[in-house]
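So you can see what is in the structure, the chains are spelled out below.
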Amino acid sequence: LLSNSVIDLNRSFTLFVWLRPTGLTSSTSYSFFNQGTSSTTRQKLWIGIRNTGTFALAFWNDDTDSIPYTITSLNNIWTHLTFVYNKENNRLRQIYKDGILIGSGNAGGDTNFALNSFSIANGFVGQMDDMRIYYRALTQMRSRQLLSIP
């Protein structure tokens, strides 16, 4: 399905994913989703976990990171992550872990990600399940409803 799809994230979007990492170390950053190939500000999307233990919704040199976690403490635990970009609301980016807001910030300008280049789980070691991409910014309440978290 994805090999023939065009995913346009130059708009508001929400990315959901369940993760169970098994090999996180503090020497490597791991991506869950990438789009674009340029090394120009806001032309490459990188969603993942940095070697510092922060989850990132990064627009290449214009990033939003979460609070830090001890990276190895995330191994072998199922975690739900939600990454939200709300272009219409002052380019607001939000990161949720298990339904709780752990990072937010505004992008400095509009994005220009290449539509024909994306990858999933590049370098990630572990399991991923139920990855969803919505072409709209979901609210925290709606995200929690989809997870059935009170």
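The structure under discussion appears in the preceding block.
Parameters and conventions
Residues numbered from 1 in each chain as written. Predicted model: local features only at pLDDT ≥ 70, side-chain atom pairs only at ≥ 80, totals over all residues. Heavy atoms only, no water. Buried < 20%, exposed > 50% of the residue type's maximum accessible area, 1.4 Å probe, protein only. Helix = DSSP H or I, 4+ residues; strand = E, 2+ residues; numbered from the N terminus. Arc of directions from axis to C-beta. Contact = heavy atoms within 4.5 Å. Salt bridge = Lys/Arg side-chain N within 4 Å of Asp/Glu carboxyl O. Pairing = 2+ DSSP bridges. Axes fitted to C-alpha atoms, helices over the stretch in contact; angles between N-to-C directions. 1 Å grid on protein atoms, 1.4 Å probe; cavity = no way out; pocket = protein on both sides within 12 Å on 5 of 7 lines; lining within 4 Å. Points joined across faces, edges and corners; volume = space filled by probe spheres on them. Nonpolar A, V, L, I, M, F, W, Y, C, P; charged D, E, K, R; others polar.

**Notes on helix H1 (residues 140-147)**
Stage number 1. Inspection of H1 places Ser143, Arg144 and Leu147 among the buried residues, and these make up the whole buried set. Buried residues of H1, seen end-on, are gathered within an arc of 95° and therefore sit on one face of the element.

**Topic: the environment of Leu101**
Stage number 1. On the secondary structure map, Leu101 appears in strand E8 (residues 100-106).
Stage number 2. For the pair Leu101 and Ile67, spaced 34 residues apart in sequence, the C-alpha separation works out to 9.7 Å.
Stage number 3. Filtering out sequence-adjacent residues up to four positions away, Leu101 remains in contact with Gln94, Ile95, Tyr96 and Gln140.

**A word on the side chain of Gln94**
Stage number 1. You can see Gln94 is positioned in strand E7 (residues 92-97).
Stage number 2. Discounting residues that sit within four places of it in the chain, Gln94 has contacts with Leu57, Thr82, Phe83, Val84, Leu101, Gly103 and Ser104.

**Some remarks on the pattern of salt bridges**
Stage number 1. Enumeration over the complete set of coordinates arrives at 7 salt bridges.
Stage number 2. Residue Arg91 is joined to Asp110 by a salt bridge in which the shortest nitrogen-to-oxygen separation is 3.0 Å. With Arg91 in the loop between strand E6 (79-86) and E7 and Asp110 in the loop between E8 and strand E9 (118-120), this pair connects stretches of sequence that are 19 residues apart.
Stage number 3. Among the salt bridges present, the one from Arg132 reaches Asp130, with a minimum N-O distance of 2.9 Å.
Stage number 4. The partly exposed category is assigned to Asp130, whose relative accessible area is 33%.
Stage number 5. A network of salt bridges, in which partner residues are shared, links Arg42, Asp62 and Arg93.

**Digging into the pairing of strand E2 (residues 30-35)**
Stage number 1. Burial analysis of E2 places 6 of its 6 residues in the buried class, the great majority of the element.
Stage number 2. Judged from the 5 bridges that link them, E2 and strand E3 (residues 45-49) form a sheet pairing that is antiparallel. Bridging from a neighbouring strand, Gln35 pairs with Leu45 of E3.
Stage number 3. Two strands pair when backbone bridges link them, and E2 and E9 are joined in this way by 3 bridges, in the antiparallel orientation. In the strand pairing of E9, Asn34 is matched with Ser119.

**Notes on the environment of Gly99**
Stage number 1. With respect to the secondary-structure elements, Gly99 resides in the loop between E7 and E8.
Stage number 2. Expressed as a C-alpha distance, the spacing of Gly99 and Gln140, which sit 41 residues apart in the sequence, is 7.1 Å.

**A few points about the sheet that holds strand E1 (residues 13-21)**
The strands making up a sheet associate through backbone hydrogen bonding, with each pair oriented either parallel or antiparallel.
Stage number 1. With respect to topology, 5 strands assemble into an open sheet ordered E8-E7-E6-E1-E10, the strand pairing being antiparallel. Edge positions in the sheet fall to E8 and strand E10 (126-134), since each has one partner strand and no second. Averaged over all pairs of adjacent strands, the angle between their axes in this sheet comes to 15°, without regard to strand direction.
Stage number 2. Strand direction decides the pairing type here: E1 and E10, joined by 7 bridges, are antiparallel. Bridge assignment links Leu19 to a residue of E10, and that residue is Met128.

**Comments concerning empty space enclosed by the protein**
Stage number 1. With the rule as written, the count across this model stands at 1 cavity of 30 Å³ or more.
Stage number 2. The computed volume of the largest cavity comes to approximately 60 Å³.
Stage number 3. Looking at the largest cavity, the residues that line it are Leu19, Pro21, Leu24, Phe32, Ile49, Phe55, Leu74, Ile77, Thr79 and Leu81.
Stage number 4. Elements represented by at least two residues in the lining of the largest cavity include exactly E1 and E6.
Stage number 5. Considering only residue class, the lining of the largest cavity consists of 9 nonpolar, 1 polar and no charged.

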